[in-house]
Amino acid sequence: MIVSCALSAGLVAVTGPAAEAAPRFTPGAPGAGDPYFPDMGNGGYDVGHYDIRLAYSPSTQAIDATTTVLATATQDLSRFDLDFQGPLTISKLSVNGLDAAFTRSGAQELVITPPYGLRKGSPFVVSVSYAGVPQKIDDPALGLSGWVATKDGAVALNQPIGAATYYPVNDTPDDKATYTQTITVPAGLTVLANGEPGPTTTHDHRTTFRWSMNKPMASELSMLAIGSYDVTRGALAGGLPNITAIGKSIDGKPGQGQVFNQTTAQIVQWESSVYGPYPFDSTGGILADVGVHYALETQSRPVYDQRTSDVDGDLLAHELGHQWFGDSLTPVHWSDIWLNEGFATYSEWLYQEKYNGIPVQQTFADTYAGETDWSGVVADPGRDHIFDDLVYNRGAMTLQALRTKIGDRAFFDVLRLWPAANRYGNVSTRQFTQFVERLTHRDLGSFFRTWLYQPGKPAL
Ligand SMILES: [Zn+2]
């Protein structure tokens, strides 16, 4: 339905009588302008929805997929790029149902020339069919991401780069879109993804799962987990569905599935009381044996690698706190990632106070005393340092120092009103500091300069 609408609208915009002055069609930019990742994302259009249909064979580790991208041109487009990387082979590519010319360029550019120019403002549909064995990314500074084959399936984790290892995408955090993922696997395996489950069907020893994320999602927060999982379905007191899963290969205590599900519910409930209404239509989490050695705040359903140090309440508080800070509110530029990690680390500190009796100010003092490297700049850590302690610890210290400065009442207003004011949007450090200044009617320029924009240990 949406596809045919978009198709006719696209054609009308180009061929209809409304074409006044002859448009000048130009190529969309090959990057979205992030200084840390200049090739990521693209210009000239805005994606509204991804429809990913993918079949996976664990025995060959190959996928066979068609991804349909619904987008709107933001300039008169002669040509545009999607990000798509690795050895996958494209068998068919169309724009608005007509075969389109394409080339692969550099590490991740899929350059598409539609059969006719796309007028600014017109919706269009790109459909790409492809197959092959996706390859994960192993970045020397940032670790593993993208499609990771596992013993019994695969897990896809896409921060900061990785989505393009298995679907064509405008891989920039400021082009959020809704998603449908329809994934077919050998019968007996389970598929989990972001959002809400649809019907599951089995034919010819193959089972198809469908998951939909109906709230805007950045591609770096999209996720898939395929394998043997024990799934627990619950709900929060208010009815929010809570779907958790634990890989069957993971040794656990009896009842671990229930504990994981209930702890997730408890933390989402508590964080909602501090940060305001939970932003998505379901929650949950996946404990998987991926081997990436991190947990990730994938939207609505974080993934916890079994090989992270401890999957305990702190870590859940961190990844679930990200649902407000990072997922619902997403920095435009990766330099501002402290807006995710500072708040998520602060969620751990609040959790420690609430559930383990360790005051936040105590954690702040210990962190301040224990920190040895004060050389970085929180609001511009550098491409290879976006996951450094600087971003996490000094980010959280900045928030506690702000709390001391503006008082509890104003500070907890910030924690609630900042996500409310920017729900499902993109944010920057500058927007945050201006927001706090407006809310408190104070000039905090010198405070924020010291904590966020200058290296060196701030005096208390
Ligand atoms: Zn985090």
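Criteria and cut-off values
Residues numbered from 1 in each chain as written. Predicted model: local features only at pLDDT ≥ 70, side-chain atom pairs only at ≥ 80, totals over all residues. Heavy atoms only, no water. Helix = DSSP H or I, 4+ residues; strand = E, 2+ residues; numbered from the N terminus. Rg over C-alpha atoms; globule rule 2.2 N^0.38 Å. Buried < 20%, exposed > 50% of the residue type's maximum accessible area, 1.4 Å probe, protein only. Contact = heavy atoms within 4.5 Å. Areas by Shrake-Rupley, 256 points an atom, 1.4 Å probe, with all protein chains shown as cover. Lys, Arg positive; Asp, Glu negative; His and termini not counted. Charge placed at Lys NZ, Arg CZ, Asp CG, Glu CD. Axes fitted to C-alpha atoms, helices over the stretch in contact; angles between N-to-C directions. Parallel < 35°, antiparallel > 145°, perpendicular 65-115°, else oblique. Left-handed = near helix turned anticlockwise from the far one by under 90°. Nonpolar A, V, L, I, M, F, W, Y, C, P; charged D, E, K, R; others polar. Pairing = 2+ DSSP bridges. Right-handed = clockwise from strand over helix to strand, strands pointing away. Domains from an automatic or database assignment. Buried area = accessible area lost by both parts, 1.4 Å probe. Salt bridge = Lys/Arg side-chain N within 4 Å of Asp/Glu carboxyl O. Polar contact = N/O pair within 3.5 Å; in protein donor to acceptor, adjacent residues only side chain to side chain. Phe/Tyr/Trp six-rings, centres within 6.5 Å; stacked < 30°, edge-to-face > 60°.

Novice: So what exactly am I meant to see when it comes to the overall build of the protein chain here?
Specialist: If you tally the helices and strands in the protein chain, you get nine helices and 25 strands. On C-alpha atoms alone, the protein chain measures out to a radius of gyration of 23 Å, which is about the 23 Å that the 2.2 N^0.38 rule sets for 460 residues. Viewed in the frame of its principal axes, the protein chain has a C-alpha envelope of about 65 × 60 × 40 Å. Here the protein chain holds 460 residues, and the buried ones make up 58% of them. Restricting the contact set of the protein chain to residue pairs at least 6 apart, pairs at least 24 apart contribute 69%. A total of about 18,100 Å² of accessible surface is found on the protein chain, and carbon and sulfur atoms cover 52% of it. For the protein chain, the distance from the average site of its 31 positive side-chain charges to the average site of its 47 negative ones is 5 Å.

Novice: How do you make sense of the packing of helix H3 (residues 313–321) against helix H4 (residues 338–356) when you look at a structure like this?
Specialist: Packed helices, taken two at a time, are described by the angle between their axes plus the distance between the axes. Running from amino to carboxyl end, H3 crosses H4 at an angle of 140°, the nearest separation of the two axes being 8 Å. Taken as axis vectors, H3 and H4 run oblique relative to one another. At the point where H3 passes H4, the crossing takes the right-handed sense. Residues Gly 313, Asp 314, Ala 317, His 318 and Gly 321 of H3 lie in contact with H4, whose contacting residues are Glu 341, Ala 344, Thr 345, Ser 347, Glu 348, Tyr 351 and Gln 352. In terms of residue class, the contact of H3 with H4 is built from three nonpolar, six polar and three charged.

Novice: Looking at this model, I keep getting lost on the sheet that holds strand E14 (residues 190–193). Mind explaining?
Specialist: Within a sheet, each strand pairs with its neighbour through backbone hydrogen bonds, oriented either parallel or antiparallel. In space, the five strands of this open sheet follow the order E10-E11-E12-E18-E14, with antiparallel pairing throughout. Every interior strand has two partners, whereas the edge strands, strand E10 (137–139) and E14, have only one. Direction aside, the axes of adjacent strands within the sheet are offset by 20° on average. Sheet analysis places E14 next to strand E18 (residues 223–227), joined by four bridges and oriented antiparallel. Bridge pairing in E18 places Thr 190 opposite Gly 227.

Novice: Where do I start with the pairing of strand E21 (residues 283–288) in this structure?
Specialist: Within a regular strand, side chains alternate between the sheet's two faces. Burial runs high along E21: six of the six residues are buried. Because side chains alternate across E21, one face comprises the buried residues Thr 283, Gly 285 and Leu 287, and the other comprises Gly 284, Ile 286 and Ala 288, equally buried. Judged from the five bridges that link them, strand E20 (residues 241–247) and E21 form a sheet pairing that is parallel. Looking across to E21, one finds that Ala 245 is bridged to Ile 286. Remark: the E20/helix H2 (residues 256–275)/E21 crossover connection has left-handed handedness. Note: E21 against strand E23 (residues 303–305), three bridges, orientation parallel. Directly across from Ile 286, in E23, lies its bridge partner Val 303.

Novice: Sorry if this is basic, but what is going on with the sheet that holds strand E4 (residues 77–83) here?
Specialist: The strand order across the open sheet built from four strands is E1-E4-E8-E7, with neighbouring strands paired in mixed fashion. Of all the strands in the sheet, just strand E1 (26–27) and strand E7 (101–105) have a single pairing partner and so form its edges. Across two bridges, E1 lies against E4 in parallel orientation. Each bridged residue has a counterpart across the sheet, and for Pro 27 the counterpart in E4 is Arg 79.

Novice: Explain the domain arrangement of the protein chain to me, please; I cannot follow it from the model alone.
Specialist: Note: interface size is frequently given as the accessible area lost on complex formation between the parts. For the protein chain, the assigned domains read domain 1 (2–227) and domain 2 (331–453). Between domain 1 and domain 2, the C-alpha centre-to-centre distance is 33 Å. Roughly 1,600 Å² is buried in total at the junction of domain 1 and domain 2, and carbon and sulfur atoms are behind 60% of that figure. Close ionic contact of Asp 139 with Arg 383 constitutes a salt bridge, the shortest N to O distance being 2.7 Å. Summed over the shared surface of domain 1 and domain 2, the number is six residue pairs in polar contact (both at pLDDT 80 or more).

Novice: Would you mind showing me how to read H3 here?
Specialist: Along an α-helix, residues three or four apart share an orientation, since each turn contains 3.6 residues. With nine of nine residues buried, H3 is to be regarded as a mostly interior element. All of the buried residues in H3 are Gly 313, Asp 314, Leu 315, Leu 316, Ala 317, His 318, Glu 319, Leu 320 and Gly 321.

Novice: Is there a simple way to think about the packing of helix H8 (residues 429–440) against helix H9 (residues 445–453) in this case?
Specialist: The N-to-C vectors of H8 and H9 enclose an angle of 145°; their axes lie 11 Å apart at closest approach. Here H8 runs over H9; the crossing is right-handed. Contacts between H8 and H9 pair Thr 429, Arg 430, Phe 432, Thr 433, Val 436 and Glu 437 from the former with Gly 445, Phe 448, Leu 452 and Tyr 453 from the latter. Residues of the contact of H8 with H9, tallied by class, amount to five nonpolar, three polar and two charged.

Novice: What's the story with the side chain of Arg 394 in this structure? I'm lost.
Specialist: For Arg 394, the position within the fold is in helix H6 (residues 389–406). The charged side chain of Arg 394 is buried without a salt bridge, its nearest counter-charge being Asp 373 at 8.1 Å. Within polar-contact distance, the side chain of Arg 394 engages the backbone oxygen of Trp 451 at 3.2 Å. Other than its neighbours up to four places away in sequence, Arg 394 contacts Trp 374, Gly 376, Val 378, Asp 389, Thr 450, Trp 451, Gln 454, Pro 455, Gly 456 and Pro 458.

Novice: Where do I start with the environment of Gly 238 in this structure?
Specialist: The topology assignment puts Gly 238 in the loop between strand E19 (229–235) and E20. For Gly 238, a relative accessible area of 76% corresponds to the exposed category.

Novice: Got a minute to help me understand the packing of aromatic side chains in this structure?
Specialist: Two aromatic rings, taken as a pair, are described by how far apart their centres are and by the angle between their planes. Inspection of the entire model under this criterion finds 34 aromatic pairs. Look at Tyr 56 and Trp 147: their rings are 5.2 Å apart centre to centre, the planes differ by 70°, and that puts the pair in the edge-to-face class. Here Tyr 56, found in strand E2 (residues 45–57), pairs with Trp 147, found in strand E11 (residues 143–149); they are 91 residues apart in sequence, far enough to count as distant. Residue class for Tyr 56 comes out buried when judged on its relative accessible area of 4%.

Novice: Teacher, can you tell me more about the pattern of salt bridges here?
Specialist: Where side chains of opposite charge bring their charged atoms close, a pairing between them can arise. Following the criterion strictly, the structure yields eleven salt bridges and no others. Of the charged contacts, one joins Arg 53 and Asp 51 as a salt bridge, the two residues approaching to 2.9 Å between their closest N and O atoms. Overall, Arg 53 belongs to the partly exposed group, its relative accessible area being 42%. Two residues, Asp 413 and Arg 416, come together in a salt bridge whose shortest N-O distance is 3.6 Å. Here Asp 413 pairs with Arg 416, and both are found in helix H7 (residues 408–421), just three residues apart, close to one helical turn. Since its relative accessible area comes to 24%, Asp 413 is described here as partly exposed. For Arg 416, a relative accessible area of 35% puts it in the partly exposed group. One salt-bridge network, held together by shared partners, links Asp 139, Arg 383 and Asp 384.

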